[in-house]
Amino acid sequence: MLKAYALLTICVVVWGSNFVFGKILVQDFSPTLLTMLRLLFIVLFLSGLSFYKKQFKRVKSKDLLSVVFLGIIGVFINQWSFFVGLQTADPTTSALILATTPILTSFLAAIFLKEKLTLQMLMGSVVAIIGIYFVVAKGNVSSIQIDNGLLWIVLTMVTFAVMIIMTRLLSHRINPLTITLYSNIVGLIVSIPFAFSLDTPLRISSNVSDWALLIGTAVVVHGMAALIWNQNIRHVDASKASILSNLEPFVAMIMGVVLLYKPITSTEIAGSLLIVGGVVLSTYQRKRLKRLGRQSLT
């Protein structure tokens, strides 16, 4: 049990650190090219894993359109908007916005999966939104200026919620690893022409350490960490694991201090508590959906 919690904590640290590492990478790689390269290494990792597990299966024609849609919206646009946003957005604030994904997922599940909306979820949503407003306004609620990068991060959050819902629907017919592999292949194919047309000027680092960080985060964040999470989530209490995953924004804060020398403000702490508290309140009875969200990354 202790080992399982330790491994889950490592996963949370990895996911929380991804915001800071992404911020570092977009300084040396143009965002669309970075998306394409990251997807390339994710596909290579997932292909090798699929062959190793002998789960390299064909997708039926009736599901092909859904997988293509998932690859465009839930993979390419999701990752592309993430890196575009991080060019100017604060990584801690970005992590806090993405922490509200389970709330939007709950609303989408109510619309498309006919799941019930509860008063508890609505109350938690309000608390989380107040926390976001507090953080974005930096404590000055009478005058708020929204960084354009944060709007892209909101798009990242929306597409991630869509990915969770679509993966949940497809997982009834297709193995999650197969879904993720093919959707990432679609995302990679779509990203190639955009990488050389949207990014002007095209920036690519010649530093070996930058490439190591790119490859390492691609494989570790979207491959190994997600696999470790799914393998150990069954050994611990689901509600405790769900709360543990909501610590990602605080990890982003700490990593921001360590790697970017960005001080933590009292406003960020207060807003973080409101956001995470709201998410926990609204998703307390939605453990299964939260777990499926993590499975969409494998």
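Up top is the structure these notes are about.
Notes on the structure follow. All figures in this text were calculated on a predicted structure; none of them were measured in a lab. (Residues numbered from 1 in each chain as written. Predicted model: local features only at pLDDT ≥ 70, side-chain atom pairs only at ≥ 80, totals over all residues. Heavy atoms only, no water.)

## A closer look at a nonpolar patch on the surface
Step number 1: A surface patch of nonpolar side chains, amounting to about 640 Å² of accessible area, comprises I254, V257, V258, L259, L260, I264, I269 and L273.
Step number 2: The dominant element in the nonpolar patch, judged by the number of residues it contributes, is helix α11 (residues 248-260), at five residues.
Step number 3: Along the chain, V257 falls in helix α11.
Step number 4: The partly exposed category is assigned to V257, whose relative accessible area is 33%. (Patch = residues over 30% accessible without salt bridge, like charges linked within 9 Å, V, L, I, M, F, W, Y side chains within 5 Å. Areas by Shrake-Rupley, 256 points an atom, 1.4 Å probe, with all protein chains shown as cover. Salt bridge = Lys/Arg side-chain N within 4 Å of Asp/Glu carboxyl O. Helix = DSSP H or I, 4+ residues; strand = E, 2+ residues; numbered from the N terminus. Buried < 20%, exposed > 50% of the residue type's maximum accessible area, 1.4 Å probe, protein only.)

## Digging into the layout of surface pockets
Step number 1: Of the volumes computed, that of the largest pocket is approximately 290 Å³.
Step number 2: What lines the largest pocket is a set of 16 residues, and nearest its centre among them are T100, I129, I132, V154 and M157.
Step number 3: When residues of the lining of the largest pocket are traced back to their parent elements, those giving at least two are α5 (101-112), α6 (119-136) and α7 (148-170).
Step number 4: For the lining of the largest pocket, the element with the highest residue contribution is α6, accounting for five residues.
Step number 5: Of the residues contributing to the lining of the largest pocket, the split by class is 14 nonpolar, two polar and no charged. (1 Å grid on protein atoms, 1.4 Å probe; cavity = no way out; pocket = protein on both sides within 12 Å on 5 of 7 lines; lining within 4 Å. Points joined across faces, edges and corners; volume = space filled by probe spheres on them. Nonpolar A, V, L, I, M, F, W, Y, C, P; charged D, E, K, R; others polar.)

## Quick look at α5
Step number 1: Look at α5: 16 Å from first C-alpha to last across twelve residues, which is about the 16 Å you get at 1.5 Å a residue.
Step number 2: Those residues of α5 that sit buried are T101, P102, I103, T105, S106, L108, A109 and A110.
Step number 3: Taken from the residues just after α5, K114 is the one with a positive phi, measuring 60°. (Expected span 1.5 Å × (residues − 1).)

## Concerning the packing of aromatic side chains
Step number 1: One pass over the full model with this rule turns up six aromatic pairs.
Step number 2: Their ring planes at 10° and their centres at 6.0 Å tell us that F76 and W80 sit as a pair that is stacked. Highlighted residues: F76 and W80, both in helix α3 (residues 61-86), separated by four residues, approximately one helical turn.
Step number 3: Look at W80 and you get buried, because its relative accessible area is 17%. (Phe/Tyr/Trp six-rings, centres within 6.5 Å; stacked < 30°, edge-to-face > 60°.)

## Considerations on the nonpolar core
Step number 1: In this structure, L34, F82 and L214 are the most contacted members of the largest nonpolar core, which totals 34 residues.
Step number 2: Contributions of two or more residues to this core are made by α1 (2-25), α2 (31-53), α3, α4 (91-98), α7, α8 (176-195) and α9 (208-232).
Step number 3: If one sorts the elements of this core by residue count, α2 sits on top with ten residues.
Step number 4: Counting twelve residues, the second-largest nonpolar core is a separate cluster that includes C11, W229, V251 and M255. (Core = buried A, V, L, I, M, F, W, Y, C linked by side-chain atoms within 4.5 Å.)

All we've got here are geometric facts, nothing functional implied.
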